[in-house]
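Residue-level structure breakdown
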Amino acid sequence: GRKQVKKLKNDNAGITLAELVVTFALMGIFLAAAAAVISSSIMVHAQLSGTMYASTVSETLLDKVTGELAGARAEEEAIRIGRVYRDGEDLGEGVFFYDREGNPVCFVVEDGLLVMEGKDCFTLDEKAYMGYRITGFSVEQLEGKNVLKVTLSLKNLKNGFIYTGDRTTRCYCFSSDEFKKIISTDIDLNSL
């Protein structure tokens, strides 16, 4: 009986180096797996947050542009779509039209922010852009119809996330024979 007690004591003397190495290896594998899961969930969260913020900014801007375009009046040159120039400087794509009251209005992007120039100047506060800037703005007439498609591309200044949104609108002041008054041409803000 005494040898048996002594043998049990020797068997429980401690852990071997091999057991310690296996334990740390298993812990490393579990930690690596946990880090991968946490990392991917953080990436998904960042992407969803980015999409949500970009969508909010895009929808706000598209609401403004399409709301104004929907009420555009059918004057002589009702709607001009094209490159916008001021003092010879190319400001990028824009759209010129006459608003509900017959005032000339032009939407153009300046320094990544949408600006509505005319009787009532409009621009959102920089904070409303939530770290995004407009990298693309276009308006196009769809198939010669009384339908305009507005497209906005946004880019996050911190992480480079890019988002594109679009919306179509119908100009309710236009009759069917006035669709041809929607033209593509350069727009000189100095001549307005």
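Starting afresh in each chain, residues are numbered from 1 along the sequence in its written order. For a predicted model such as this one, the threshold for reporting local features is a pLDDT of at least 70, and the threshold for listing and counting side-chain atom pairs is 80 or more; totals across whole chains, interfaces and linings nevertheless cover every residue. Based on all heavy atoms of the structure, the side-chain values leave hydrogens and waters out of the count.

Before going further, it helps to examine the overall build of the chain. Runs of H or I in DSSP of at least four residues are treated as helices and runs of E of at least two as strands, each being numbered from the N terminus. Looking only at helices and strands, one finds 2 helices and 10 strands in the chain. Mapped from its N terminus to its C terminus, the chain presents α and β elements in the order α-α-β-β-β-β-β-β-β-β-β-β. Radius of gyration: C-alpha atoms only; globule rule: 2.2 Å multiplied by the number of residues to the exponent 0.38. Computed over its C-alpha atoms, the radius of gyration of the chain comes to 31 Å, more than 25% above the 16 Å expected for a compact globule of 192 residues. Overall, the chain is about 115 × 35 × 25 Å in size when its C-alpha atoms are taken along their principal axes. Each residue gets one of three labels from its accessible area relative to the maximum for its type: buried under 20%, exposed over 50%, partly exposed in between, using a 1.4 Å probe on protein chains only. In the chain, buried positions account for 33% of the 192 residues. The criterion used for residue contact is that any of the two residues' heavy atoms lie within 4.5 Å. Relative to all contacts within the chain whose residues are 6 or more apart in sequence, the contacts with residues 24 or more apart total 54%.

Bringing the pattern of salt bridges into the picture now. Between Lys or Arg on one side and Asp or Glu on the other, a salt bridge is scored when a side-chain nitrogen of the former is within 4 Å of a carboxyl oxygen of the latter. A complete count under the given rule lists 8 salt bridges for this structure. The partner of Arg83 in a salt bridge is Asp90, and the shortest N-O contact between them spans 3.0 Å. Connected through shared salt-bridge partners, Glu59, Asp63 and Arg167 make up one network.

Okay, the sheet that holds strand E6 (residues 132-141) next. We treat two strands as partners when DSSP finds at least two bridges between them. In space, the 3 strands of this open sheet follow the order E6-E7-E8, with antiparallel pairing throughout. Of all the strands in the sheet, the pair left with one neighbour each is E6 and strand E8 (162-170). The sheet shows a mean angle of 15° between the axes of neighbouring strands, direction not considered. Axis angles are defined between N-to-C directions and span 0 to 180 degrees, where every axis is a line fitted to C-alpha atoms and, for a helix, only to the segment in contact.

Relative to the elements of secondary structure, Phe122 occurs in strand E5 (residues 122-123). In sequence terms Phe122 and Arg73 are 49 residues apart; their C-alpha atoms lie 19 Å from each other.

Turning our attention to the pairing of strand E2 (residues 89-98). Direction of pairing for strand E1 (residues 79-86) relative to E2: antiparallel, over a ladder of 8 bridges. When the bridges of E2 are listed, Ile81 appears paired with Val95. What sits between E1 and E2 in their antiparallel hairpin is a turn of 2 residues, with Asp87 showing a positive phi close to 50°. Sheet analysis places E2 next to strand E3 (residues 104-110), joined by 5 bridges and oriented antiparallel. Among the inter-strand pairings, Phe96 is bridged to a residue of E3, identified as Cys106. Linking E2 back to E3 in an antiparallel pair, the connection comprises 5 residues, with Gly102 at a positive phi of about 85°.

By themselves, these figures tell us nothing about what the structure is for.
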